Amino acid sequence: MNKKKSISFYIIWLIIFMLLMAAVVTVGVYVAKHDAQREAERKYEFNIIQSIIKDVALYQEEIENWGYQVSAVMPDEEPEDEALQYYYRNYHQPVLVLTDADGGKYCFCYGFDGYTSVVSYTSIIERTSGEYEEVLKTVRLELAKRNRNQAPFEENLNEVGASEYYDILVELNVKTFSIDGGKTIWDKSGFWCTNYCSNNFVDCMRFGIGEVDTEGNSRAADCHIKQEYSAEQLLAFYQQGLDLQKRLIELYKRRHEISHSSTETGS
């Protein structure tokens, strides 16, 4: 009798063990599938952009009909365009570039990644002597996602004050030259940067290492940036990038469906 009880006891524990192992395997499979789905969603825009770059000739004519020139920044080819140096230095994958009629460049990798431009214009400045002088200003603007490995936010829902709330890095490099002689006027030149919330390009915050007054430095950078570009202009660049991202994805899907339909018809 004791022997039968012992066998029954081991059988029961064996069944429990097998059920536990089955539960562990089931959970493991679920987690793996969930992680794979999340990774696929994270790379959704990335895969589409890379496919467009690979077969850019199929898409070029229609994109040019939108009013943009099409090119790409390749990781092994340094671009001559100063506005694209940022992407060459910081990216390890090809970046699709759509250039508008004004020379502004909308860049795409994980979806819309950023906007960059270099503009030059003449201006009148007041020197420390009190005299006024006509100068040439060259302004390079860089607007890029802080997290380059995810698609941009259509609406940033993070809490105000959290690091993730300030999702766009804006950099401004201003060089001012005298018309006569072309010498750099250093007190009218400079480099400024801060992080903005893409909802409005008003809320900003710096996160510099070792900075004592991040809020003060951010306000100073914001002041210099807004002397060249208003919050409305920066927001317009960002929203135009989101719109182009949607149009690129729709174009890819349409081309992909046509190609798939042609393949089925041919078979």
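What follows concerns the nonpolar core. Counting 40 residues, the largest nonpolar core has Ile63, Leu96, Leu98, Phe108, Leu143, Phe201 and Leu248 as the members making the most contacts within it. The biggest single contributor to this core is helix 6 (residues 231-266), with 11 residues. Setting aside residues no more than four positions away along its own chain, Phe108 makes contact with Ile49, Pro94, Val95, Leu96, Leu98, Asp113, Gly241, Leu244, Gln245 and Leu248. If you look at the next biggest cluster of nonpolar residues, it comprises 12 residues, including Val73, Tyr86, Tyr91 and Cys109.

Attention now moves to a nonpolar patch on the surface. Residues Ile12, Trp13, Ile16 and Leu20 make up a contiguous nonpolar surface patch of roughly 400 Å² in combined accessible area. Mapped onto the elements, Trp13 comes out in helix 1 (residues 2-42).

Turning our eyes to something else, we now look at the packing of aromatic side chains. Enumeration according to the criterion identifies 13 aromatic pairs in this entry. Ring geometry for Tyr106 and Phe112: centres 6.3 Å apart, planes at 45°, overall tilted. No difference in accessibility class separates Tyr106 from Phe112, as the two residues are buried. Ring centres of Tyr229 and Phe237 lie 6.0 Å apart, and the angle between their planes is 70°; this geometry places the pair in the edge-to-face category.

Here the focus is the sheet that holds strand 4 (residues 111-126). Read across the open sheet, the eight strands follow the order 1-2-3-4-5-6-7-8; overall the sheet is antiparallel. The sheet is open, and its two borders are formed by strand 1 (69-73) and strand 8 (204-205), each paired with just one other strand. Across five bridges, the pairing between strand 1 and strand 2 (residues 95-99) is antiparallel. Residue pairing for strand 2: Gln69 is matched across the bridge by Thr99. Contacts from helix 5 (residues 214-228) reach strand 4, strand 5 (132-145), strand 6 (168-178), strand 7 (190-196) and strand 8, with the element oriented near 110° to strand 7.

Across the protein, the average pLDDT comes to 85, with 85% of residues at 70 or higher. Put simply, helix 1 is where the protein has its lowest mean pLDDT, 62, and strand 2 is where it has its highest, 96. The model gives residues 34-38 a pLDDT under 50, and that stretch makes zero contacts with residues more than four places away or in other chains.

We now examine the side chain of Thr194. Its place among the elements puts Thr194 in strand 7. The residues touching Thr194, leaving out its near neighbours within four places in the chain, are Ile168, Leu169, Val170, Cys204, Met205, Arg206, Ser218, Ala221, Asp222 and Ile225.

The subject of this paragraph is the pairing of strand 7. Of all seven residues that make up strand 7, six are buried, and the element is covered over most of its length. Of the strand pairs in this sheet, strand 6 and strand 7 are connected by seven bridges, and their pairing is antiparallel. When the sheet's bridge partners are listed, Glu171 is paired in strand 7 with Cys193. As paired elements, strand 7 and strand 8 share two bridges and run antiparallel to each other. Considered in strand 8, the bridge of Asn195 is made with Met205.

Each turn of an α-helix holds 3.6 residues, which means side chains three or four residues apart point in the same direction. Relative to the 21 Å expected for 15 residues at 1.5 Å per residue, helix 5 spans 22 Å between its end C-alpha atoms, a close match to the ideal helical length. Along helix 5, the residues that are buried comprise Gly216, Ser218, Ala221, Asp222, Ile225 and Glu228.

Reading guide: rules and limits
Residues numbered from 1 in each chain as written. Predicted model: local features only at pLDDT ≥ 70, side-chain atom pairs only at ≥ 80, totals over all residues. Heavy atoms only, no water. Core = buried A, V, L, I, M, F, W, Y, C linked by side-chain atoms within 4.5 Å. Buried < 20%, exposed > 50% of the residue type's maximum accessible area, 1.4 Å probe, protein only. Helix = DSSP H or I, 4+ residues; strand = E, 2+ residues; numbered from the N terminus. Contact = heavy atoms within 4.5 Å. Patch = residues over 30% accessible without salt bridge, like charges linked within 9 Å, V, L, I, M, F, W, Y side chains within 5 Å. Areas by Shrake-Rupley, 256 points an atom, 1.4 Å probe, with all protein chains shown as cover. Salt bridge = Lys/Arg side-chain N within 4 Å of Asp/Glu carboxyl O. Phe/Tyr/Trp six-rings, centres within 6.5 Å; stacked < 30°, edge-to-face > 60°. Pairing = 2+ DSSP bridges. Axes fitted to C-alpha atoms, helices over the stretch in contact; angles between N-to-C directions. pLDDT = per-residue confidence, 0-100. Expected span 1.5 Å × (residues − 1).

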